Amino acid sequence: MDMVFDINSLVRENVRKLVPYMSARRLGGNGDIWLNANEYPFAPDFQLTENTLNRYPECQPKQVIQRYAKYAGLQPEQVLVSRGADESIELLLRIFCEPGRDAILFCPPTYGMYSVSAEIFGVEQRKIPVNANWQPDIAAIENNLDRVKLIYICSPNNPTGNLVDPTALQQLLELSRNRAIVAIDEAYIEFCPQQNTTRWLQDYPHLVILRTLSKAFALAGLRCGFTLASPDIISLMLKVIAPYPLPTPVADIAAQALTETGIRTMRARVEENTKNRLYLQQELNKLALVETVFPSETNYLLVKFIDKEKVFKSLWDKGIILRDQSKQPGLENCLRITVGSRTECEQLINAINALSNRPQQIKEI
Ligand SMILES: Cc1ncc(COP(=O)(O)O)c(C=O)c1O
C-alpha cells in the first residue's frame, strides 16, 4: 500500500504547535521607509581587513571581547560575544532550564523571543503582566517563582519604550538570590546609557546583562551581541555555544565598531536619533488620529491611535512599514514606530496627517 509519509509524525510536539517569531523581515512589506524593526536608518561604512577565510575563526575573538569589556567597564572574563542578543537568550535557556520541569518568567508586554525560545526548548513560561505603570509586579513575581530558573526583564522595554525602575530591579535581584538568574535585556541601553546596570554585577552573581550591536551601533545585519555576567556564568555559556559562533567578517567589523572612534560615532548617532525622537513625539501629538504617544527612552515610540487599522494599512500601502503591537496585552490600538531619519519622520507625519485631512466627499443627490 502506498503510504504518505507525514513528517509531522516525527516532529516534537511543541515544535509542531510552535508559532515562529514573526520578525519584521518575515512579515514582509514593500517599503521605502522601514520603521518596524528599530534599526538605524543609514548603513555604516566598513571594510573587511581580515583575509583568512580558509581558517576557522576564534571562538571568542580576543579583540572584540577586550574592546567590549573596555566599553562596558568590565573584565574580559565577564563578556561573551554571540550571534546577536537573541542567541544569548537561547544559551541561557539551554544552561539553566530542564525542559518539562523548570520555568522562565517574564512580564508582558515585552520582547517576543523569550517566549518563542522557551517554546522551542519545551520550557514552561510564567507570564506576569506589568502593572498599570508598566513596571514589574514584584509581589506577583515573588508569588510565582516556584520552579522558575530564569527571569527575563527588558529595560528599556520593547515595545513600550520605558525603563524598569531601578528600585524594582533591585527588589527583583534580592528576591531571586540563590533561586533564579535575572537576565536584564539592555538592547536599547545606549539610548539612555546612564541607566545601565553593569555596576550591579559585583553584588549579584545571578545577574546577566544582554547587549547588542543591532541598535545604536547600527549593525543589525552583522548579527552580533554580548552577554555580561560573572566569569562562572560566561564559562557555562562557552560550554553550550557553537564551536565557531562568530564568522571572521563579523568579528572583523565588530572590532572596528568598538574602537574609540566607533564608540564616538555611535554616541553621535544616539544624539541625532534622540533629537528626531523628540521631533516625532511633538509632531505626532498634534495629529487628530493620535490618542497617546508614550514616553520613550529608546529609538522607537509606542503610539496609540484612534483607528490603528487604518493608519497601519494606509501607511503600509504607501511603503511606510510600522509594527503592529495591538495583540500584546494592554496595547490595543498601539503601533510601534522606529525613529528614522528626519526626512522619514516628516514623511511619516505627512502620511498620517493626510488620512484625517481627506476632503469630504460630497454626496450627489
Ligand atoms: C529587547 C530586544 N532584545 C534583543 C533583541 C535582539 O537583538 P539582536 O539583534 O542582537 O539579536 C531585540 C531586537 O529587536 C530586542 O528588541
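What counts as what
- Residues numbered from 1 in each chain as written.
- Predicted model: local features only at pLDDT ≥ 70, side-chain atom pairs only at ≥ 80, totals over all residues.
- Heavy atoms only, no water.
- UniProt positions renumbered as here; feature names shortened; annotations may be inferred.
- Helix = DSSP H or I, 4+ residues; strand = E, 2+ residues; numbered from the N terminus.
- Rg over C-alpha atoms; globule rule 2.2 N^0.38 Å.
- Buried < 20%, exposed > 50% of the residue type's maximum accessible area, 1.4 Å probe, protein only.
- Contact = heavy atoms within 4.5 Å.
- 1 Å grid on protein atoms, 1.4 Å probe; cavity = no way out; pocket = protein on both sides within 12 Å on 5 of 7 lines; lining within 4 Å.
- Points joined across faces, edges and corners; volume = space filled by probe spheres on them.
- Nonpolar A, V, L, I, M, F, W, Y, C, P; charged D, E, K, R; others polar.
- Pairing = 2+ DSSP bridges.
- Right-handed = clockwise from strand over helix to strand, strands pointing away.
- Salt bridge = Lys/Arg side-chain N within 4 Å of Asp/Glu carboxyl O.
- Axes fitted to C-alpha atoms, helices over the stretch in contact; angles between N-to-C directions.
- Near = heavy atom within 4 Å.
- Polar contact = N/O pair within 3.5 Å; in protein donor to acceptor, adjacent residues only side chain to side chain.
- Areas by Shrake-Rupley, 256 points an atom, 1.4 Å probe, with all protein chains shown as cover.

Looking up the chain in an unreviewed UniProt entry gives the name Histidinol-phosphate aminotransferase, with the organism given as Xenorhabdus szentirmaii DSM 16338. Under the Cofactor (unreviewed entry) heading, UniProt states for the chain: "pyridoxal 5'-phosphate". Its UniProt record, at the heading Sequence similarities (unreviewed entry), says of the chain: "Belongs to the class-II pyridoxal-phosphate-dependent aminotransferase family. Histidinol-phosphate aminotransferase subfamily."

Draft legend 1. Inspection of the overall build of the chain at higher detail. Broken down by element type, the chain carries 12 helices and 13 strands. For the chain, the C-alpha radius of gyration of 22 Å lies close to 21 Å, the compact-globule estimate for 365 residues. Considered along the principal axes of its C-alpha atoms, the chain spans approximately 75 × 60 × 55 Å. A total of 365 residues make up the chain; the buried ones form 53% of that total. Taking the intrachain contacts of the chain between residues at least 6 apart in sequence as the baseline, contacts between residues at least 24 apart amount to 71%.

Draft legend 2. Layout of empty space enclosed by the protein. Inspection of every chain in the model, using the stated rule, returns one cavity of 30 Å³ or more. Lining the largest cavity we find Cys107, Thr110, Val130, Trp134, Pro136, Tyr152, Ile153, Cys154, Asn157, Asn162 and Val164. For the lining of the largest cavity, the class distribution of residues is eight nonpolar, three polar and no charged.

Draft legend 3. Fine view of the pairing of strand 5 (residues 148-154). Taken across its seven residues, strand 5 has six buried, putting it largely inside the fold. Across four bridges, the pairing between strand 3 (residues 103-106) and strand 5 is parallel. From the neighbouring strand, Ala103 faces strand 5, where its bridge partner is Val148. Two elements, strand 5 and strand 6 (residues 181-185), share five bridges in a ladder whose sense is parallel. By the bridge assignment, Cys154 is partnered in strand 6 with Asp185. In this fold, the crossover linking strand 5 to strand 6 by way of helix 7 (residues 166-175) has right-handed handedness.

Draft legend 4. Summary view of the pattern of salt bridges. What the rule picks out here adds up to 17 salt bridges. Ionic pairing is found between Arg126 and Glu124, a salt bridge with its closest N-O pair at 2.8 Å. Classification of Arg126 by relative accessible area gives buried; the value is 11%. Where salt bridges share partners, they join Glu124, Arg126, Asp146 and Arg147 into one cluster.

Draft legend 5. Representation of the sheet that holds strand 4 (residues 124-127) within the structure. Pairing is mixed in the open sheet, where seven strands are placed in the order 2-8-7-6-5-3-4. Two strands lie at the open edges of the sheet, namely strand 2 (79-82) and strand 4, each paired on one side alone. Adjacent strand axes in the sheet meet at a mean angle of 25° when their direction is disregarded. The sheet strands contacting helix 8 (residues 231-240) are strand 2, strand 6, strand 7 (207-212) and strand 8 (225-228), and the helix crosses strand 2 at an angle near 30°.

Draft legend 6. Quick look at the site of the ligand. Among the 13 residues in the neighbourhood of the ligand, the closest are listed as Ala85, Asp185, Thr212, Ser214 and Arg223. Between a nitrogen atom of the ligand and a side-chain N or O atom of Asp185, the distance comes to 2.6 Å. A distance of 2.5 Å is found between an oxygen atom of the ligand and a side-chain nitrogen or oxygen belonging to Thr212. For the ligand, whose accessible area on its own is 400 Å², the fraction buried by protein is 93%. For the shell around the ligand, the element with the most residues is helix 4 (residues 84-96), which contributes three residues.

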